[in-house]
Amino acid sequence: MADAPLPAPVGPLVDIAALLPPRGALIGLDLGTKTIGVAGSDPDRRIATVIETVKRTKFTAEAQRLVALADERRAVAFVLGLPLNMDGSEGPRAQASRAFARNFARLAGRPIAFWDERLSTAAVERALISADMSRARRAEVVDQHAAAFILEGALGFLDRLVENQEETDRED
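Residues numbered from 1 in each chain as written. Predicted model: local features only at pLDDT ≥ 70, side-chain atom pairs only at ≥ 80, totals over all residues. Heavy atoms only, no water.

Let us look at the side chain of glutamate 62. One can find glutamate 62 in helix H2 (residues 59–72). Setting aside its immediate chain neighbours within four residues, glutamate 62 contacts Ile36, Lys55, Arg56, Thr57 and Phe100. (Helix = DSSP H or I, 4+ residues; strand = E, 2+ residues; numbered from the N terminus. Contact = heavy atoms within 4.5 Å.)

The next point concerns the side chain of glutamine 144. Relative to the elements of secondary structure, glutamine 144 occurs in helix H5 (residues 135–171). Residues contacting glutamine 144, with those up to four places away along its chain left out, are Gly37, Val38, Ala39, Val50, Ile51, Glu52 and Thr53.

What follows is about the pairing of strand S4 (residues 48–55). Regular strands place their side chains on alternate faces of the sheet. Here strand S3 (residues 35–41) pairs with S4 via seven bridges, running antiparallel. Of the residues in S4, the one forming a bridge with isoleucine 36 is valine 54. (Pairing = 2+ DSSP bridges.)

Moving on to unusual backbone geometry. Here arginine 45, not a glycine, exhibits a phi torsion of approximately 60°, which is positive. Secondary-structure assignment places arginine 45 in the loop between S3 and S4. Residue arginine 74 is not a glycine yet carries a positive backbone phi of 50°. Of note, arginine 74 is situated in the loop between H2 and strand S5 (77–82). Residue classification places arginine 74 among the exposed positions, given a relative accessible area of 71%. (Buried < 20%, exposed > 50% of the residue type's maximum accessible area, 1.4 Å probe, protein only.)

This brings us to the sheet that holds S3. Spatially, S1-S6-S5-S2-S3-S4 is the arrangement adopted by the six strands of the open sheet, whose pairing is mixed. Two strands in the sheet have a free side with no partner beyond their single neighbour: strand S1 (10–12) and S4. On average, each strand axis in the sheet is inclined to that of its neighbour by 25°, with strand direction left out of account. Contacting strand S2 (26–31), S3, S4 and S5, H2 runs over the sheet at an angle of about 155° to S4. On the sheet, helix H3 (residues 92–108) packs against S1, S2, S3, S5 and strand S6 (112–116) and is oriented at approximately 165° with respect to S5. (Axes fitted to C-alpha atoms, helices over the stretch in contact; angles between N-to-C directions.)

With that settled, consider the environment of tryptophan 115. Note on placement: tryptophan 115 falls in strand S6. Placed 34 residues apart in sequence, tryptophan 115 and glycine 81 show a C-alpha to C-alpha distance of 5.0 Å. When neighbours within four sequence positions are excluded, tryptophan 115 is seen to be in contact with Leu13, Val79, Leu80, Gly81, Leu82, Ile150, Gly153, Ala154 and Phe157.

Another aspect to go through is the pairing of S6. When you tally the buried positions in S6, you get four out of five residues, the bulk of the element. As paired elements, S1 and S6 share three bridges and run parallel to each other. Each residue of the ladder has a partner; that of proline 12, found in S6, is phenylalanine 114. Bridge count for S5 against S6 is five bridges, and the pairing is parallel. By the bridge assignment for S6, leucine 80 is matched with phenylalanine 114. For the segment spanning S5, H3 and S6, crossover handedness is right-handed. (Right-handed = clockwise from strand over helix to strand, strands pointing away.)

Here is the structure:
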């Protein structure tokens, strides 16, 4: 009997960052109860763009679609929004996201990093309203735009991390 593959590493982006190669696309995920918003970055990790909204059905089907999207883009990791409460504590939605990540890690084939997603959907909703998008159209795209918002935050963090490391290297 073949050994099952080891689960991919899962943890906060600050910890997972050290495991990432210097280049390579990332896939951002906004996990909802009915859908999963998906966004992707370019290999240089400068821009996050919306990809699609995956309808929640069965876990295996969802996971296979997410892996296929990551494979198509040669992504090196996933960034999963972690819906913390405003005080930073974790409620049921954050626990559900952690459980999803633990299960997905067996199939993902690449690290899964958590990124604080507080207010992401609200910010995206406001932006879509100001763009005069209809309520029906907003409902179709809000999750993928929230995934892009989450991914943009993570990309900014990684960029600052690289800048700080380069500055430290120059001082040495």
